[in-house]
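An overview of the molecular structure
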Amino acid sequence: MSEDVWVFGYGSLVWRPDFKFAERRPATIEGWVRRFWQGSTDHRGVPGAPGRVVTLEADEKGICWGMAYRIAAADVEPIMVELDYREKGGYSVKNVEMIFPTDDHPNVTGLAYIGTPDNPNYLGPETEERIAAQVVASTGPSGPNDEYVLRLAEALRELGADDPHVFELERQVRKLI
Ligand code: BEZ
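Before going into details, it helps to say that this report is about the structure given with it. All residue numbers refer to positions counted from 1 along the written sequence of the respective chain. pLDDT decides what is reported in this predicted model: residues at 70 or higher carry local features, side-chain atom pairs at 80 or more are listed and counted, and totals for whole chains, interfaces and linings draw on all residues regardless. Just so you know, side-chain values use all the structure's heavy atoms and leave hydrogens and water out.

Turning our attention to the side chain of T28. Its location among the elements puts T28 in strand β2 (residues 23-40). In this description, contact between two residues means that some pair of their heavy atoms is separated by no more than 4.5 Å. What T28 contacts, discounting residues up to four positions off in sequence, is F8, I63, C64, W65, E97, M98, I99 and P101. Elements are defined by DSSP. Helices are runs of H or I of four residues or more, strands are runs of E of two residues or more, and each kind is numbered from the N terminus.

This brings us to the packing of helix α4 (residues 145-159) against helix α5 (residues 164-176). Note on definitions: angles span 0 to 180 degrees between N-to-C directions of axes, and those axes are lines fitted to C-alpha atoms, for helices only across the stretch in contact. Where α4 contacts α5, the two axes come as close as 9 Å, and the packing angle between them is 135°. Regarding the angle of α4 to α5, the classification is oblique. Relative to α5, α4 is oriented so that their crossing is left-handed. For the pair formed by α4 and α5, the contact residues are D146, V149, L150, L152, A153, L156 and R157 on the first element and V166, F167, L169, E170, V173 and R174 on the second. Any angle that falls under 35 degrees is termed roughly parallel, while one over 145 is termed roughly antiparallel, one within 65 to 115 roughly perpendicular, and all others oblique. Crossings are classed by handedness, with left-handed meaning an anticlockwise turn of the near helix from the far one by less than a right angle and right-handed meaning a clockwise turn.

Here the focus is the nonpolar core. Nonpolar cores are built from buried Ala, Val, Leu, Ile, Met, Phe, Trp, Tyr and Cys residues. Side-chain atoms within 4.5 Å join them into one set. Throughout, exposure labels follow a simple rule: accessible area from a 1.4 Å probe, protein chains only, divided by the maximum for the residue type, with under 20% read as buried, over 50% as exposed, and the rest as partly exposed. Ranked by size, the top nonpolar core spans 52 residues in total, and within it F8, I29, F36, L56, L83, M98 and L152 carry the most contacts. L83 has contacts with V7, L13, F19 and Y113, leaving out every residue within four places of it along the chain.

Take a side-chain nitrogen of Lys or Arg and a carboxyl oxygen of Asp or Glu: if they are within 4 Å of each other, that pair is a salt bridge. For the structure shown, the criterion picks out twelve salt bridges. Its salt-bridge partner being R34, residue D163 comes within 2.8 Å of it at the nearest N-O pair. On the criterion of sequence distance, the pair formed by D163 in the loop between α4 and α5 and R34 in strand β2 is long-range, its members being 129 residues apart. The pair D163 / R34 is uniform in exposure class, with both members buried. In this structure, the salt-bridge partner of E170 is R174, at a minimum N-O distance of 3.4 Å.

Our next topic: α4. Under the convention used throughout, the expected extent of a helix is 1.5 Å for every residue step, that is, one less than its residue count. The end-to-end C-alpha separation of α4 is 22 Å, in line with the 21 Å expected for 15 residues at 1.5 Å each. Within α4, burial applies to N145, D146, Y148, V149, L150, L152, A153, A155, L156 and L159. Looking one or two residues beyond α4, the residue adopting positive phi is G160, at roughly 80°.

Printed below as a string of structure tokens:
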């Protein structure tokens, strides 16, 4: 690969980017919202008892906050192989335009992993109350599902992000634990 690549993290990559990156910046993407509508049978759940993790849903007026990572050209190939393996549970890769609201860096186009409705692990819409019940009952090889929700909410709060779905889910999870 001859060029640096930007990756948009909006789930566990916000707080746990376990790959080498050249820089990272808080970023938003417009026209998308984050939703706990993707099932996880390989990280926060198991086959037959999936947890719930995030995906992106197109929404004309939506904005999704996350973290943008620049991967240096020399590191791109091994890291993309690693990320594709880590996110193998039904996600596909899409180009998104990242905006940097907290600094004056120009917009960049980069990659985001999206669980579209046609993937086998997609679970789809549900109330935050019911998602919370599933989350607290689920655990997988990467740890308990409630940890994923709570850490994401905490990281988004630190970014100053507005995300009613995640914060309501956090509230519902805290009621149950
Ligand atoms: C993430 O941003 O952590 C992420 C979300 C969905 C799939 C892969 C990574």
